[in-house]
Amino acid sequence: MKVLVIGGGAREHALCRSLSLDPDVSALYCAPGNAGIAEVAELYPVDALDGAAVAALATELGAGLVVVGPEAPLVAGVADAVRAAGIPVFGPSAEAALLEGSKAFAKDVMASAGVPTARSYVCTTPEEVDEALDAFGAPYVVKDDGLAAGKGVVVTADLAAARAHALACDRVVIEEFLDGPEVSLFAITDGVTVLPLQPAQDFKRALDGDEGPNTGGMGAYSPLPWADPKLVDEVMASVLQPTVDELRRRGTPFSGLLYAGLAITSRGVRVIEFNARFGDPETQVVLARLRTPLASVLLGAATGTLHTEPPLNWREDAAVTVVIASHNYPETPRTGDPIVGLAEVAAEDAPEAYVLHAGTRREGDAVVSAGGRVLSVTATGSDLAQARERAYKAVGRIRLDGSQHRTDIAAKAAEGR
């Protein structure tokens, strides 16, 4: 099978890495890709938001499967264009991708499906904003209704800051604060059958101790030793299957990757948000633990044959990923800085630790930064403590001027806290 992956971040590098190790994949392409992905896939330029261009490229390459990585192309209908060209595609239609593209739509689906979530108001005027903020009180949870690259959510005790963020959005969802730890759970689905992956936890704040501004994610780990062993079964029954069933009932079946962001509250599991694609950086640790070859599972979701796939096989190993971000991320990140130490990690730490590229590009013989989140340094180990030690040892070999990373990814979980 020839596979084309759309996107150019660390999530796509993780997907390409797994697909490159799959004996069923005869050729692997990525568009537009990045400097790291170029080591495992053949890169092609494409406007990832242009469905016709993506479909034309897939046709030209003779792709038997297209995997759409990021959310923006999905909401823009790229998967629809590829399907219309008769090529199997892993990723939901534009209508189904509204589950991520509009938080108000997601709330409506959850209400119809009986999925537990935070109480909320959808606001479009300053008066509605003030009423909602007053109703819930601090801490305030304010979410841009549309896509915001993981940075459209403000959680703050500062009323002025909450109001300012709300008024900067065309439409905003204001909801009650959910206490308790957060969990990310992915599921692969063909619109009927739902196949859950292993849960992970990511770290959204920029600084140690969950301080600083929200980011797209500064690291992640899996498994979660503190989580209830029945968590996946519970979320399957109360969240994932009902949501997939409701979207099918509405005539907008969801096939692809359904990502549930969950809060494990004192009142039980609650959905914080849905995403319509693999999450970044959780994908890096989840795929590091997946033993089952990836291509046939993704193809099963794309062709409606997921029920024929055997149960997923997981490694016992734990995995940790640490994001190295550029200077001044997430505000106005600096780009164009040389990255040194990549060959050192490959020579000294592989295969237990490796580097997945996010915002990079090649300039001559050098690899330079090209985005806010630059690298995801990922490692596996017999437990979280060993995986964490290996990840940070590899991080220590990387040199990028002005870069930043959190030093506490998975620290509490590794210590049994």
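Undergrad: Run through the nonpolar core, naming residues and quoting values.
TA: Counting residues in each nonpolar core, the largest one holds 79 residues, and the members touching the most others are Leu-4, Val-66, Leu-99, Leu-240, Phe-274 and Val-320. If one sorts the elements of this core by residue count, helix H9 (residues 231-249) sits on top with eight residues. What Phe-274 contacts, discounting residues up to four positions off in sequence, is Leu-99, Glu-100, Ala-106, Met-110, Val-239, Thr-243, Leu-258, Tyr-259 and Ala-260.

Undergrad: How would you summarise the sheet that holds strand S2 (residues 27-32) if you had to cite specific residues and measurements?
TA: Strand order in the open sheet formed by five strands is S3-S2-S1-S4-S5, with parallel pairing between adjacent strands. If you trace the sheet from one side to the other, it starts and ends with strand S3 (42-43) and strand S5 (89-90), each paired once. Where S2 lies against S3, two bridges are found, and the strand directions are parallel. By the bridge assignment for S3, Cys-30 is matched with Leu-43.

Undergrad: Describe in detail the sheet that holds strand S10 (residues 182-189), supporting the description with residues and values.
TA: In a beta sheet, neighbouring strands pair by backbone hydrogen bonds and run either parallel or antiparallel. Spatial ordering of the open sheet is given by S11-S10-S16-S17, a layout of four strands whose pairing is antiparallel. Edge positions in the open sheet fall to strand S11 (194-196) and strand S17 (268-275), since each of these has one partner strand only. Strand-to-strand twist of the sheet, defined as the mean angle between neighbouring strand axes without regard to direction, takes the value 35°.

Undergrad: Break down unusual backbone geometry for me, citing the residues and quoting the values.
TA: Looking along the chain, the bond that leaves Ser-222 and enters Pro-223 is cis, with omega of 0°. Checked against the element boundaries, Pro-223 lands in the loop between strand S15 (219-222) and H9. For the bond running from Asp-280 to Pro-281, omega is 25°, close enough to zero to count as cis. Here Pro-281 is to be found in the loop between S17 and helix H10 (282-289). Its identity as a non-glycine residue notwithstanding, Asp-210 has a phi of 55°, on the positive side. Checked against the element boundaries, Asp-210 lands in the loop between strand S13 (205-207) and strand S14 (211-214). Judged by relative accessible area, Asp-210 falls into the partly exposed class, the value being 45%.

Conventions and cut-offs
- Residues numbered from 1 in each chain as written.
- Predicted model: local features only at pLDDT ≥ 70, side-chain atom pairs only at ≥ 80, totals over all residues.
- Heavy atoms only, no water.
- Core = buried A, V, L, I, M, F, W, Y, C linked by side-chain atoms within 4.5 Å.
- Buried < 20%, exposed > 50% of the residue type's maximum accessible area, 1.4 Å probe, protein only.
- Helix = DSSP H or I, 4+ residues; strand = E, 2+ residues; numbered from the N terminus.
- Contact = heavy atoms within 4.5 Å.
- Pairing = 2+ DSSP bridges.
- Axes fitted to C-alpha atoms, helices over the stretch in contact; angles between N-to-C directions.

So yeah, pure geometry; function would need other evidence.
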